[in-house]
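Tertiary structure, described
Chain by chain, the residues run as shown.
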Amino acid sequence: YTLADFSGTQSGVIPRSIFSTVSSKIPVKDQISSMIAFSFAYGLMNHCDQGISRGYKEYRTARDEVFTFGYGRPENKTIAFYDKEKQPITCNAKDIRTTQVIRPDGKTLLMVGNTGGKVKAKFDLSGLNYKKYKITDVFSGKELSSAELELPRFGYALLKIEKAN
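Every chain is numbered independently, its residues counted from 1 as its sequence is written. At least 70 in pLDDT is required for a residue's local features to be given in this predicted model, at least 80 for side-chain atom pairs to be given and counted, and no such filter applies to totals for whole chains, interfaces and linings, which use all residues. No hydrogens and no water enter the side-chain calculation; it runs on all heavy atoms of the structure.

1. Some remarks on unusual backbone geometry
A positive phi angle, near 60°, is found at Asn129, a position not held by glycine. Within the secondary structure layout, Asn129 lies in the loop between β7 (119-124) and β8 (132-137). The classification of residues rests on relative accessible area computed with a 1.4 Å probe and restricted to protein chains. Under 20% of the type maximum is buried, over 50% is exposed, and intermediate values are partly exposed. With relative accessibility at 62%, the residue Asn129 sits in the exposed group. Segments assigned H or I by DSSP are reported as helices when at least four residues long, segments assigned E as strands when at least two residues long, and all are numbered from the N terminus.

2. Some words on the environment of Leu159
In this fold, Leu159 is placed in strand β11 (residues 156-164). Once the C-alpha coordinates of Leu159 and Met111 are considered, the two residues, 48 residues apart in sequence, prove to be 6.6 Å apart. The contact partners of Leu159, leaving out residues within four places of it in the chain, are Thr108, Leu109, Leu110, Ile135, Thr136, Asp137, Val138, Leu144 and Leu149. Residue contacts are defined here by distance: any two heavy atoms, one from each residue, within 4.5 Å place the two residues in contact.

3. So, the sheet that holds strand β5 (residues 96-102)
Two pairing modes exist for strands in a sheet, parallel and antiparallel, and in both the strands are linked by backbone hydrogen bonds. Strand pairing requires that DSSP identify at least two bridges connecting the strands. If you trace the 6 strands from one edge of the open sheet to the other, you get β3-β5-β6-β11-β8-β9, paired in antiparallel fashion. Edge positions in the open sheet fall to β3 (77-80) and β9 (143-144), since each of these has one partner strand only. Here β5 pairs with strand β6 (residues 107-114) via 7 bridges, running antiparallel. Opposite Gln100, over in β6, you have Leu110 as the bridge partner.

4. Some points on the sheet that holds β7
The sheet built from 3 strands is open, its strands ordered β4-β7-β10 with antiparallel pairing. Pairing within the sheet leaves two strands with one partner each, and these edge strands are β4 (90-91) and β10 (148-151). Here 4 bridges tie β7 to β10, and the two strands are oriented antiparallel to one another. Residue pairing for β10: Val119 is matched across the bridge by Leu151.

5. Here we look at the packing of aromatic side chains
Aromatic pairs are defined between Phe, Tyr and Trp rings, using the six-membered ring for Trp, whenever the two ring centres lie within 6.5 Å; interplanar angles under 30 degrees are classed as stacked, those over 60 as edge-to-face, and all others as tilted. The full count for this structure, using the stated rule, is 3 aromatic pairs. Arranged with centres 5.4 Å apart and planes meeting at 90°, the rings of Phe67 and Tyr71 form a pair that is edge-to-face. Of note, Arg97 hangs over the ring of Phe81, and the distance from its end group to the ring centre comes to 5.0 Å. Only when the NZ of Lys or the CZ of Arg is both within 6 Å of the ring centre and within 35 degrees of the ring normal is a charge said to sit over the ring. Taking the ring centre of Phe69 as reference, the NZ or CZ of Arg103 above it sits at 4.3 Å.

6. A few points about the nonpolar core
General note: in soluble globular proteins, nonpolar side chains tend to be found buried as a group. Throughout this description, the term nonpolar core refers to a set of buried Ala, Val, Leu, Ile, Met, Phe, Trp, Tyr and Cys residues connected via side-chain atoms within 4.5 Å. Within the largest apolar cluster, 19 residues are counted, with the highest numbers of intra-cluster contacts made by Phe123, Leu125 and Ile161. Of all the secondary-structure elements, those providing two or more residues to this core are β5, β6, β7, β10 and β11. Broken down by element, this core gets its largest block of residues, 3 residues, from β11. Residues in contact with Leu125, not counting those within four places in the same chain, are Ile89, Tyr133, Ile135, Ala147 and Ile161. Membership of the second largest hydrophobic core comes to 16 residues, among which are Met35, Val101, Leu109 and Leu158.

7. Side note on the pattern of salt bridges
In the sections that follow, a salt bridge refers to a side-chain nitrogen of Lys or Arg positioned within 4 Å of a carboxyl oxygen of Asp or Glu. Taken as a whole, this structure holds 7 salt bridges when the rule is applied. Put simply, Lys160 and Glu65 hold a salt bridge, and the shortest N to O gap is 3.0 Å. Note that Lys160 is positioned in strand β11 and Glu65 in helix α3 (residues 57-69), a separation of 95 residues in sequence. Here Glu148 and Lys120 are joined by a salt bridge, their closest N and O atoms 3.6 Å apart. Separated by 28 residues along the polypeptide, Glu148 in strand β10 and Lys120 in strand β7 bring together distant segments of the chain. Here Glu148 falls in the partly exposed class, since its relative accessible area comes to 32%.

Okay, structure coming up:
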């Protein structure tokens, strides 16, 4: 999965991840959940599967929100955790990886993937240089009071950060 995307990136073509949900030991819902977590962690959002993922609301929400927000558009900065450019948002948890989509209009999409066990993650947003901001959990639609959240093993989150006046 990851190798196919990195190979595509290195060869100059649009990478497309091919994934399969055919395990008899792990429920499909858990397979989709871990796929979203690793997609967010590594910035790999072009997927190809047998059509099963489209049946999961959170997958559809994630895909639609990420691309509608402007993931990969030239006018926005899309920074995966492995990029040479330093990410402006950092996290205290060692197994958290993020992809950050930063628009010039003062809005940022933080794609969070947990590659380890259950964790309470604290994010430092100071690198965005937003004096005040609003953080919204895209999946629940709720505003967060702080840049902290708990993530289960191989969990994920999608946070919209908006610069406030």
